[in-house]
Amino acid sequence: CIVLYLVYALGNMSSIYASGYGYSKKLCEDITSWFLNKYYPRHRISVDIEHKGLKRDGVYGYCDVIGKNYKPRDFLIELQAGMSREQYSKILFHELTHLSQWVEGSLTFKHGKMCYCQEPVENYDYEDQPHEIEARESESVLYELYINEKEGVTVGEVSTGWCNRLCGGAMITK
């Protein structure tokens with residue numbers, strides 16, 4: 001089953017293709033369209049989101065560029081099937097943060113190496129790679145912002161102490 005969801009914002013169009021098993025189509029489309037409309041309303045971005053078993057790889061998700069690495073706009077996000085709603089949402093936001101890093105140009109390929117802010121990420125252990133640290137920190141912030149906007153949770157109920165450019169510079173605290 002493949003779902004095509006078009007996101008219209010300011011006359012431009014991004015597309016979301018969702019496929020696989022063990023996920024909520026509505027949640028996938030809602031989170032991804034919310035993210036693209038909020039942070040990239042003037043970009044034409046294509047996101048293919050595949051839901052499948054990734055346990056053998058020992059991961060919950062991947063975000064890869066499809067096609068050109070210079071100013072990429074086409075992405076493949078692979079997610080582990082069968083996660084809880086909260087875990088799924090946070091992992092999807094983690095991978096969407098990587099999408100953002102590619103779009104903004106902080107994550108690039110230089111001379112065949114993945115670089116974050118011009119520095120090869122291979123210089124770090126996986127857990128210490130700067131782009132992964134940013135994605136881990138932003139996944140919870142984005143989740144809280146999404147819940148706040150979509151489900152009416154008040155700002156006072158949101159508890160976090162971290163923010164980056166994806167949050168619009170606003171620090172949300174308890």
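Structure first, text after, so check above.
Definitions and cut-offs
Residues numbered from 1 in each chain as written. Predicted model: local features only at pLDDT ≥ 70, side-chain atom pairs only at ≥ 80, totals over all residues. Heavy atoms only, no water. Helix = DSSP H or I, 4+ residues; strand = E, 2+ residues; numbered from the N terminus. Expected span 1.5 Å × (residues − 1). Bend = angle between axes of the 7 residues up to and from the residue. Buried < 20%, exposed > 50% of the residue type's maximum accessible area, 1.4 Å probe, protein only. Axes fitted to C-alpha atoms, helices over the stretch in contact; angles between N-to-C directions. Parallel < 35°, antiparallel > 145°, perpendicular 65-115°, else oblique. Contact = heavy atoms within 4.5 Å. Nonpolar A, V, L, I, M, F, W, Y, C, P; charged D, E, K, R; others polar. Pairing = 2+ DSSP bridges. Lys, Arg positive; Asp, Glu negative; His and termini not counted. Salt bridge = Lys/Arg side-chain N within 4 Å of Asp/Glu carboxyl O.

1. Observations regarding helix H3 (residues 130-151)
Consideration 1: When the terminal C-alpha atoms of H3 are compared, their 31 Å separation across 22 residues agrees well with the 32 Å that a helix rising 1.5 Å per residue should span.
Consideration 2: Considering bend angle alone, the principal kink of H3 is centred on Ser138 and spans about 30°.

2. Quick word on the environment of Cys28
Consideration 1: By secondary structure assignment, the location of Cys28 is in helix H1 (residues 25-39).
Consideration 2: For Cys28, a relative accessible area of 0% translates into the label buried.
Consideration 3: Here the alpha-carbon distance between Cys28 and Leu92, two residues 64 residues apart in the chain, equals 8.1 Å.

3. Topic: the packing of H1 against H3
Consideration 1: One way to put it is that H1 packs onto H3 with a least axis distance of 11 Å and a crossing angle of 100°. In terms of orientation, H1 lies roughly perpendicular with respect to H3. Residue-level inspection shows Leu27, Asp30, Ile31, Trp34, Phe35, Lys38 and Tyr39 of H1 in contact with H3, the latter providing Leu142, Leu145, Tyr146, Glu149 and Lys150.
Consideration 2: Residue composition of the contact of H1 with H3, by class: eight nonpolar, no polar and four charged.

4. Observations concerning helix H2 (residues 85-104)
Consideration 1: The end-to-end C-alpha separation of H2 is 28 Å, in line with the 28 Å expected for 20 residues at 1.5 Å each.
Consideration 2: Counted residue by residue, H2 has 16 buried out of 20 residues, so it is predominantly covered.

5. Let's talk about the pairing of strand S4 (residues 61-65)
Consideration 1: Residues Gly61, Cys63 and Val65 point to one face of S4 and are all buried, whereas Tyr62 and Asp64, pointing to the other face, are not buried.
Consideration 2: Judged from the five bridges that link them, S4 and strand S5 (residues 74-80) form a sheet pairing that is antiparallel. Considered in S5, the bridge of Tyr62 is made with Glu78.

6. Comments concerning the side chain of Glu95
Consideration 1: On the secondary structure map, Glu95 appears in helix H2.
Consideration 2: For the buried residue Glu95, which engages in no salt bridge, the nearest side chain bearing the opposite charge is Arg136, 9.9 Å off.
Consideration 3: Not counting the four nearest positions on each side in its chain, Glu95 is found in contact with Gly61, Tyr62, Cys63, Ile77 and Leu79.

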